[in-house]
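What follows is the residue order along each chain.
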Amino acid sequence: MRGNPETHELVAPGSLAAVLHLMAVEPGAWTPIAGGTELMVAHAAGRLNAPKLVSLWGVPELRFVHATDESIVVGAGATFADLRRSALITEELPLLAKAASWIGSIANQSRATLGGNLVNGSPAADSSPALLVYDAEIEIISARDSRRIPYHKFHTGYKRNALAVDELLYAVHLPRRFGHHRQYLRKVGTRRAMAISKVALGATAFIETGVIREIRLGAASLAAFPTRLHRTEDALLNKPITNDLIQTGRNAILTEALPIDDIRSTAEYRRRVAANLLEEFLFELLGVEKRP
Amino acid sequence: MSTTATTRIVGAPVPRKEGVDKLVGRAQYVDDIEREGMWHGATVRSTIPRGIIRSITFDPCINWSEFTIVTAADVPGKNHIQLIVADQPCLADGKVNHCDEAILLLAHPDKHKLLEAAGAVRIAYDPLPPVFTIEESEKQNEIIHGEDNILKSFLLEKGDVDSVWATAAHKIEGEYRTGAQEHLYIENNGMIAEWNREDGITVWGSLQCPYYVHKTLRAVFDLPDEKVRVIQTETGGAFGGKEDYPSILASHAALLAMKSGHPVKMAYDRMEDLAATTKRHPSRVRHRTALDKDGKLLAMEIDLAIDGGAYSTLSSTVLSRATLHSCGPYVCPNIRVRSRAWATNIVPYGAFRGFGAPQAIFAMERHMDEIAAAIGIDPVELRRRNFLHEGDANATEQRMREPVILDRLLDRALKESDYHAKRARYARENPINSVKRGMGIAAFYHGSGFTGSGELYLNSLAGVDVTVDGKVRVLVSNTEFGQGTNTILTQIAAEALGIDFSDVIMAPADTAHIPNSGPTVASRTSMVVGRLVERASLQLLAMLRDHAGLGGRSRGDFFAACARYREAHGKVESLCRYEAPPGIYWNDQTYHGEAYGAYAWAIYVAQVAVDTVTYSADVEDFWAVQEVGRVLHPVLAKGQIEGGVAQGIGYALYEKVLLENGHMANNQMTNYIIPTAEDVPPIHVIFEQIPFRYGGYGAKGIGELPHDGPAPAILNAIRDAIGVPVNTIPLLPEDLLAVLAARKCVEEPVAQ
Amino acid sequence: MSARWPTIRMIVNGEQRGIQAPPMKRLLDVLRQDLHLTGTKEGCGEGECGSCSVRMNGELVNSCLIPVLQAQGAEIQTVEGLAPKLEPGGTLHPLQEAFLACGGAQCGICTPGMLMAAAQLLETHPRPTLAEIREGLAGNLCRCTGFMRIFESVLAASTQASQPALRQAHHAR
Ligand SMILES: Cc1cc2nc3c(=O)[nH]c(=O)nc-3n(C[C@H](O)[C@H](O)[C@H](O)COP(=O)(O)OP(=O)(O)OC[C@H]3O[C@@H](n4cnc5c(N)ncnc54)[C@H](O)[C@@H]3O)c2cc1C
Ligand code: FES
Ligand code: FES
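So, how was this worked out
Counting restarts for each chain: residues are numbered from 1 in the order of the written sequence. Key to labels: chains lettered from A, ligands numbered from 1, both in the order written. For a predicted model such as this one, the threshold for reporting local features is a pLDDT of at least 70, and the threshold for listing and counting side-chain atom pairs is 80 or more; totals across whole chains, interfaces and linings nevertheless cover every residue. By convention in this description, side-chain values take in all heavy atoms of the structure and omit both hydrogens and water. Domain delimitation in this document rests on an assignment produced automatically or drawn from a domain database. What makes two residues a contact is simply this: any of their non-hydrogen atoms within 4.5 Å. Defined here as a combined quantity, buried area equals the accessible surface (1.4 Å probe) lost by two parts on assembly, summed across both. The salt bridge criterion pairs a side-chain nitrogen of Lys or Arg with a carboxyl oxygen of Asp or Glu, the two atoms within 4 Å. A run of DSSP states H or I qualifies as a helix once it reaches four residues; a run of E qualifies as a strand once it reaches two. Both are numbered from the N-terminal end. Each residue is assigned to one of three groups, with Ala, Val, Leu, Ile, Met, Phe, Trp, Tyr, Cys and Pro labelled nonpolar, Asp, Glu, Lys and Arg labelled charged, and all others, Gly among them, labelled polar. Side-chain atoms alone can form a polar contact between residues adjacent in sequence; in general such a contact is a pair of N or O atoms within 3.5 Å, and within protein one must be able to donate a hydrogen while the other accepts it. Three labels apply to residues, based on accessible area from a 1.4 Å probe with only protein chains included: buried if under 20% of the type maximum, exposed if over 50%, partly exposed otherwise in between. Positive: Lys, Arg. Negative: Asp, Glu. His and the chain ends are not part of the count. Predictor confidence is given residue by residue as pLDDT, running from a minimum of 0 to a maximum of 100. Whenever a helix is involved, its axis is fitted only over the stretch in contact; in every case the axis is a line through C-alpha atoms, and angles between N-to-C directions fall within 0 to 180 degrees. In what follows, roughly perpendicular refers to angles from 65 to 115 degrees, roughly parallel to angles under 35, roughly antiparallel to angles over 145, and oblique to any angle outside these ranges. It is the rotation of the near helix from the far one that decides the hand of a crossing: anticlockwise by less than a right angle makes it left-handed, clockwise makes it right-handed. Nonpolar cores are built from buried Ala, Val, Leu, Ile, Met, Phe, Trp, Tyr and Cys residues. Side-chain atoms within 4.5 Å join them into one set. When DSSP finds two or more bridges between two strands, those strands count as paired. Residues are counted as near a molecule or strand when any one of their heavy atoms sits within 4 Å of it. Residues are called lining when one of their atoms sits within 4 Å of a cavity or pocket point, these points coming from a 1 Å grid over the protein atoms alone, where a cavity is a set in which a 1.4 Å probe fits but cannot get out and a pocket is an open set with protein on both sides within 12 Å along at least five of seven lines. Grid points are joined across faces, edges and corners, and a volume is the space filled by probe spheres set on the points.

Caption draft 1: Looking closely at the domain arrangement of chain B. Residue and element names in this part refer to chain B. Taken as a whole, chain B is organised into domain 1 (19-27 + 460-577), domain 2 (33-128 + 183-276) and domain 3 (283-451 + 590-746). Taking only C-alpha atoms into account, the centre of domain 2 sits 36 Å from that of domain 3. The partner domain 3 presents 29 residues to the 27 residues of domain 2 that form the contact. In this assembly, domain 2 packs against domain 3 so that about 2,400 Å² is buried in total across both faces, 63% of it on carbon and sulfur atoms. Across the contact surface, domain 2 and domain 3 share 0 salt bridges. When residues of the side of domain 2 that touches domain 3 are assigned to their parent elements, the largest contribution, 5 residues, is made by helix H6 (residues 270-276). A class-by-class count of the residues in the side of domain 2 that touches domain 3 yields 14 nonpolar, 6 polar and 7 charged.

Caption draft 2: Here's a closer look at the interface of chain C and chain A. Taken together, the contacts link 30 residues of chain C with 33 residues of chain A. Taken together, both faces of the contact between chain C and chain A bury some 2,500 Å²; the carbon and sulfur share is 62%. Together, Met 24, Leu 65 and Gln 70 of chain C form the three largest contributors to the area buried by chain C at its contact with chain A, with a combined 30%. Run the count over chain C and chain A and you get 4 salt bridges. Linking Glu 48 of chain C and Arg 191 of chain A is a salt bridge whose minimum nitrogen-to-oxygen distance equals 3.6 Å. Where chain C packs against chain A, one counts 7 residue pairs in polar contact (both at pLDDT 80 or more).

Caption draft 3: Seen up close, the side chain of Arg 321 of chain B. Residue and element names in this part refer to chain B. Inspection of the secondary structure puts Arg 321 in helix H7 (residues 315-325). Within the buried set, Arg 321 has no salt-bridge partner at all; the shortest N-O distance to an opposite charge, 4.4 Å, is to Glu 704. When sequence neighbours within four positions are dropped, the list of residues in contact with Arg 321 reads Gly 354, Phe 355, Ala 357, His 446, Gly 447, Gly 449, Thr 451, Ala 522, Tyr 596 and Glu 704.

Caption draft 4: The confidence of the model for chain B, seen in detail. Per-residue confidence for chain B gives a mean pLDDT of 96, with 99% of residues at or over 70. Scoring the predicted complex yields pTM 0.97 and, for the interface, ipTM 0.96.

Caption draft 5: Representation of the packing of helix H16 (residues 634-653) of chain B against helix H18 (residues 710-722) of chain B within the structure. All names here are of chain B. Two numbers describe how H16 lies on H18: the axes approach to 8 Å, and their chain directions differ by 50°. Compared by their axis directions, H16 and H18 come out oblique. Handedness of the H16/H18 crossing: right-handed. Of H18, the residues touching H16 (which contributes Gly 644, Val 645, Gly 648, Ile 649, Tyr 651, Ala 652 and Leu 653) are Pro 710, Ala 711, Ile 714, Leu 715 and Ile 718.

Caption draft 6: Region of interest: the nonpolar core. Leu 217 and Ile 714 of chain B together with Leu 137 and Val 154 of chain C are the most contacted members of the largest nonpolar core, which totals 237 residues. For Leu 137 of chain C, the residues in contact, after removing those within four places along its chain, are Ala 677 of chain B together with Met 114, Ala 117, Ala 118, Ile 150, Phe 151 and Val 154 of chain C. Membership of the second largest hydrophobic core comes to 42 residues, among which are Ile 9, Val 504, Val 529 and Leu 541 of chain B.

Caption draft 7: Looking closely at the interface of chain B and chain C. Chain B puts 58 residues into the contact, and the matching count from chain C is 47 residues. If you sort the residues of chain B by the area they bury against chain C, Leu 23, Ile 186 and Ala 677 of chain B come out on top, with a joint share of 18%. Summed over the shared surface of chain B and chain C, the result is 5 salt bridges. For the pair chain B and chain C, the interface holds 23 residue pairs in polar contact (both at pLDDT 80 or more).

Caption draft 8: Structural detail: the sheet that holds strand E14 (residues 227-228) of chain A. All names here are of chain A. Taken together, the 4 strands give an open sheet; going across it, the order is E11-E12-E13-E14, and neighbouring strands pair in antiparallel fashion. On the outer flanks of this sheet lie strand E11 (182-189) and E14, each paired with one strand and no other. Bridge count for strand E12 (residues 197-208) against strand E13 (residues 211-220) is 9 bridges, and the pairing is antiparallel. Residue pairing across strands places Leu 201 opposite Ala 219, the latter belonging to E13. Across the sheet, helix H5 (residues 94-102) lies against E11 and E12, angled at about 15° from E11, the strand it touches most.

Caption draft 9: Layout of the sheet that holds strand E3 (residues 52-55) of chain A. All names here are of chain A. On the basis of which strands lie adjacent, the open sheet formed by 3 strands has the order E1-E3-E2 and parallel pairing. This sheet does not close on itself; its edge strands, each paired only once, are strand E1 (9-11) and strand E2 (31-33). Neighbour to neighbour, the strand axes of the sheet diverge by 30° on average, direction disregarded. Pairing of E2 with E3, which is carried by 3 bridges, proceeds in the parallel orientation. Note that in E3 the partner of Thr 31 across the bridge is Leu 53.

Caption draft 10: Looking closely at the site of ligand 1. Residue and element names in this part refer to chain A. Neighbouring residues of ligand 1: 36 residues in total, closest Pro 32, Ala 34, Thr 37, Glu 38 and Thr 113. A distance of 2.7 Å separates an oxygen atom of ligand 1 from a polar backbone atom of Gly 35. Between an oxygen atom of ligand 1 and a main-chain N or O atom of Gly 104, the distance comes to 3.0 Å. Contributing elements (two or more residues each) for the shell around ligand 1: E2, helix H2 (39-44), helix H7 (114-120) and strand E10 (168-175). Examining the composition of the shell around ligand 1, we find that 4 residues originate from one element, H7, more than from any other. For the shell around ligand 1, the class distribution of residues is 19 nonpolar, 11 polar and 6 charged.

Caption draft 11: Structural view of empty space enclosed by the protein. Residue and element names in this part refer to chain B. All chains considered together, the criterion is met by 6 cavities of 30 Å³ or more. Approximately 570 Å³ is the volume attributed to the largest cavity. Lining the largest cavity are 37 residues, with Gln 483, Ser 523, Gln 640, Ile 702 and Gly 703 positioned closest to its centre. Contributing elements (two or more residues each) for the lining of the largest cavity: helix H13 (485-497), helix H14 (525-547) and H16.

Below you can see the structure in the form of structure tokens.
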């Protein structure tokens, strides 16, 4: 334990309004802490740079999963265990349920929140590819107002995002219109469980008579933050699925992906595997297993 | 004879002796212990791999008067850790030879203040060029140790290797490499020390070898035997990692305790433990092998190099074991093994389960498959044609005087794993699947106990005594750290004495109470120390018969006789000293003779799936078939094998120590990857039992064996799956991709 | 000095406890240092090893990642609370019995956390499959056993029918 708990203040006002009030009165002074699975790791390593923390854990207004006609709405304070237990999620958003099951371990999932995962903004975050390909929207709240932005515009740089200092991530809106899409998500981690993703690819596509009418590709660890692969999507859109198209897709993603070498993997590996994953998905669309 | 008679307790699945304490959270590990007035200690370490310490200054932002500060100048005795060669300082004095080398120690009552203070100690260096690899060390451009960077070398010769090459039908060469491996015991190193003028030093800690620590403390503090007391606390895993390092940590804690006048605890956190403590030696082994036209081995020439790190520590004995295991369990008339341990500016490598054997066996067994491929025979058949049998001589010309049942083990392994049918099926299916499967095998033996005359030098003393309240205590310095020492040794005593398992306890692992029965290493506890406990128990019975009228064989008779004996003689104690089995001959100079008292034998089989989408290899199923003498406890024995196999899988496919400028860069559990419950395949453990005459109730060594086989079996299975030889471990998916890309076995990325 | 800190109340192993501690102190440290419940271990301090696993309000958590203020009012169960009535004459929890009989604990350092994870698993999956056991325990690293004996222990504990058999194995002499 390298951090000194005595040098940090932590308060738990208990309601969303009270938290927002604190953050409005002293903008930038308070760091929210939800499940703490990021911040407490930093604390243990002695690199938690947050003298004043405000707890979101147990703030009831943030922890929910509910549905409207158009969307399923997940509160930022919902844990990944909540997502796995929610029938709405497992039935309608299987990729998100899958991603939730990959976050660390059971003990981690019972604390790690969706909001924390997104705001932390790791390029390897497991929930991101699923949210990108489900075309999620982010609802942001402050004492001033609330606003919504598309998730693919939420991350603005390495560990940077669209939140202002007095804002909280409030909820994620997931449109309920992917029921007839082909869906794919695969995480390639350092091992089968308790693994940080080395590369992950999510995809949703709408196919009509063998032609790709709609496609979204969302990737982790191919850039400084989780991103849609718009150029690869464009290369595939409105094309009939053929072996040639699969090669086109490979080439596109190899150009678009800009991964890095780091302690967990290499850029070369990430690019090649990303291309293989895309190929695997496209072969699935073609109705055959990946060519050996 | 005890080894064949039926037994009541030996061989039965009695509950682990200290099991309940561990299961209810009552067992006391070092970090669970507080002492009155205890302070905490921290270590200031070098941030460069090699250089001269120019100055040490203290930032005035800290009130240093609150702290106890210790440097090399405070060492009252020798500033050296006492292992085989005393070249490693307890605290760096004037120069540093690796990153994370301890330079200065701090103690303070508040643990949190230590970190800030440690950061405020400024050390200036004049850096010297570092040496990081075996290759750089071999070049000898920079001499960092002795005259030639060689920490130790051996030459083992048999027959006349040079005469064979000209006429041999087949000549095959290969180079094989293994990486460093971290023990990753879940309990980090930790120690508490106390000092006062009358009693000297007492330390409590997580450790394997109380008398190793004792020896170093005596030297570092220049104290007589009785003024140093070492007590082992419950130890949360060790695997060799708490064989040598605790001597350093105990010295550090004791130096702080002496200077501060307070008990001092030093409990490493994971980052410090990973960065600063020992790992398994990396290796590079080159094989050149001659065979006749029938696939019989004619000659082996082996060049074996290990990276020893910055100081000698245990490298010489690791190298010795690697040398002696480098030729495998095969008959070969002509052999030359030239082996060297090279110095580098890296944290010294140390003991780790297998102790050089896994490295050597990886090379040999991987090489066997390359030979088989090159000359076109089945890898199983090649091994069968060359196996040692009873009466054959191995590389050191040790005659196998006990039964050798490699053929039987092999047959069993092939049958249980359905090896041949699966290989055939995979050969058919692989071309049309993106997941390629393969089967791999490794055949090996592992010498039990210390090498050559080692056991004679150790001259171990062990025994039993009987307490006033009617408990028999086992008196040994061999410690429990999960392997089952407590259970096995109390089983043996209870069996031999004809009493209940619950009548026997372990004497505390405290040098004030126990004799020196040698270190808890080298798979020697059951075989060597177990035998001593068995003999001491039988000797006690004889004493009781001769001097206390023991007549019957009941438990009641035994304790009644003990009471009478105590009346007459004050205490009831029986100790025995090690005696070598008859006919043992070993020459330390030529490396000839009986290298080990006994060998455990094994055939391991791995079933592996290689995913060509992710380049990852997965072990899907694993069979471990072995002969380890008599199995003293079926559940514990299985647990040893399974645990070793899991570590071996990690060694082969997951665990990589990343060094940056000589410092471990991935020194966190999140970045040093070991297999989880989801990664370990089913492990099928099969024992064939041939009791060994000179082991405790027929036991041979078991603890290290299972780490030897998985890596070569797995890499052989990968070769079977993809048809490409891979000769380096660890093999992470990134590494496999690199191998395939270099051989143009994967599509070139078109773009970019 | 502790007057500076808020009082935090929790129910630990069924007992009301109140301690004063910095709110960012880890639950792990409060359990070990303030409540002297040293059965809960620290292996990494970063959520990776699970040796600090405890149950909080019926969920498995890693106590090294919980600021104690977030445990305010919570019900905590540690390994010391698994088998409430220890000797003399006390009983072990079926999981503890099974670990003893099947060799689920070797060095024992991962064991308290492993038992808590297993207890959590058996509550959500009373008859777990091997795959569910693997997933349920994946956050608890064990370096000694290779997990096989642990899986067997959990399976044994989940199979009520085998309880008498386990007890026999335990008392075998
Ligand atoms: C052992 C371990 C394994 C892990 N494995 C994975 C994995 O496999 N995949 C993966 O993706 N992640 C993994 N993680 C990372 C982590 O669990 C997630 O990122 C988690 O979702 C973070 O949520 P939290 O509530 O714990 O965040 P916290 O640590 O509480 O906060 C994280 C960040 O988000 C901010 N924040 C939290 N909530 C809000 C909000 N509502 N509004 C504004 N800011 C907010 C905080 O200020 C902080 O900057 C792992 C972590 C650990 C310790
Ligand atoms: S100490 Fe908490 S998970 Fe390792
Ligand atoms: S029993 Fe030692 S780590 Fe699990």
